[in-house]
Amino acid sequence: MKHHTDIPQLFHSHESDSLFTNCLCCDEPILESGHEYVIEKAYTSYSDYKVSDTVFEYAMCLDCLVQLQGQMSKTSLRRVEAYFEQHVDINERIQSASEEDVDVNDRLSYCMVKGTHIRELSEYQVFGLFRANQMLLGPFPYMIGGAAMDEIAQLLSNETLGEIDGFMDSHFGLPPELRKLFLDKPVLLI
Ligand SMILES: [Zn+2]
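### Quick look at the overall build of the protein
So, step 1. Along the backbone of the protein there are eight helices and six strands.
So, step 2. Secondary structure elements in the protein, listed N-terminal to C-terminal, are β-α-β-β-α-α-α-α-β-β-β-α-α-α.
So, step 3. Burial analysis of the protein (190 residues in total) assigns 27% to the buried set.
So, step 4. Residue pairs at least 24 apart in sequence account for 70% of intrachain contacts in the protein once pairs closer than 6 positions are excluded.

In structure tokens:
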């Protein structure tokens, strides 16, 4: 049974070009603390050039994540949960994660909801759960493409979108064209 693996490059910090070391909100040293944490990264890719850029990225301890989710409307969170239940076979993902030959890169190459290959996506987000320098396997990690992100954004209340905007504003200084692209998109999909 394989439940964890080395952290793939995709989840390294673009800023430091190595592993994330601290929680975005409380600054906890996540590599040393032994507590679980999440990483979310958003990418845009320019298919003509076969390169992708990190739009925003963060690591966050679970305490801070739960606190942040507590600020979002229950209705929004329930709708997003229902969306995933409807479109994703979570049990299958958990099952396959425990198989010896689970291919994490393959999993991160397709939108979890739509099945679109990463090569065909101009924007996508990846999300994973980690402890120290290991990535934990289960429903995570996953990748979601722009089309699914748009659908999920539709499920969120204005209040929740406002919370997300506030979070993004206070932590990331995005250039206007990327703000337009990502600020109305959900983060913290869990
Ligand atoms: Zn924290």
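### Describing the nonpolar core
So, step 1. Ranked by internal contacts, the top residues of the largest apolar core, which has 35 residues, are Cys-23, Tyr-37, Ala-59, Met-60, Cys-111 and Ile-144.
So, step 2. Mapped by element, the contributors of at least two residues to this core are β2 (36–46), β3 (51–61), β4 (123–131), β6 (142–145) and α6 (146–155).

### Some remarks on the confidence of the model for the protein
So, step 1. Considering every residue of the protein, the mean pLDDT works out to 85; 88% of them sit at 70 or more.
So, step 2. Mean pLDDT across the elements of the protein bottoms out in helix α8 (residues 176–182) (58) and peaks in helix α1 (residues 30–33) (96).

### Some details on the environment of Met-60
So, step 1. Mapped onto the elements, Met-60 comes out in strand β3.
So, step 2. With 25 C-beta atoms packed within 10 Å, Met-60 lands in the buried category.
So, step 3. Filtering out sequence-adjacent residues up to four positions away, Met-60 remains in contact with Cys-23, Leu-24, Cys-25, Tyr-37, Val-38 and Leu-65.

### Points about the environment of Arg-93
So, step 1. Mapped onto the elements of the fold, Arg-93 is located in helix α4 (residues 90–97).
So, step 2. Considered as a pair, Arg-93 and Pro-141 are 48 residues apart in the sequence and their alpha carbons are 9.6 Å apart.

### What about unusual backbone geometry?
So, step 1. Between Phe-140 and Pro-141 the backbone carries a cis peptide bond, its omega angle lying at -5 degrees.
So, step 2. Summarising the element assignment, Pro-141 is placed in the loop between β5 (134–136) and β6.
So, step 3. The phi angle at Asp-27 is positive, at roughly 70 degrees, despite the residue not being glycine.
So, step 4. Topologically, Asp-27 is positioned in the loop between β1 (4–6) and α1.
So, step 5. Its 11 C-beta neighbours within 10 Å are what place Asp-27 among the exposed residues.
So, step 6. With a phi close to 50 degrees, Ala-132 is a non-glycine residue in the positive phi region.
So, step 7. In this fold, Ala-132 is placed in the loop between β4 and β5.
So, step 8. The class of Ala-132 is partly exposed, set by 15 C-beta atoms lying within 10 Å.

### Points about the environment of Ser-98
So, step 1. On the secondary structure map, Ser-98 appears in the loop between α4 and α5 (104–107).
So, step 2. In this structure Ser-98 comes out as exposed when scored by C-beta crowding, with 12 C-beta atoms within 10 Å.
So, step 3. When the C-alpha positions of Ser-98 and His-4 are compared, they lie 9.0 Å apart, and in sequence the two are 94 residues distant.

The rules behind the values
Residues numbered from 1 in each chain as written. Predicted model: local features only at pLDDT ≥ 70, side-chain atom pairs only at ≥ 80, totals over all residues. Helix = DSSP H or I, 4+ residues; strand = E, 2+ residues; numbered from the N terminus. Buried ≥ 20, exposed ≤ 12 C-beta atoms within 10 Å, placed from the backbone. Contact = placed C-beta atoms within 7 Å. Core = buried A, V, L, I, M, F, W, Y, C linked by C-beta atoms within 7 Å. pLDDT = per-residue confidence, 0-100.

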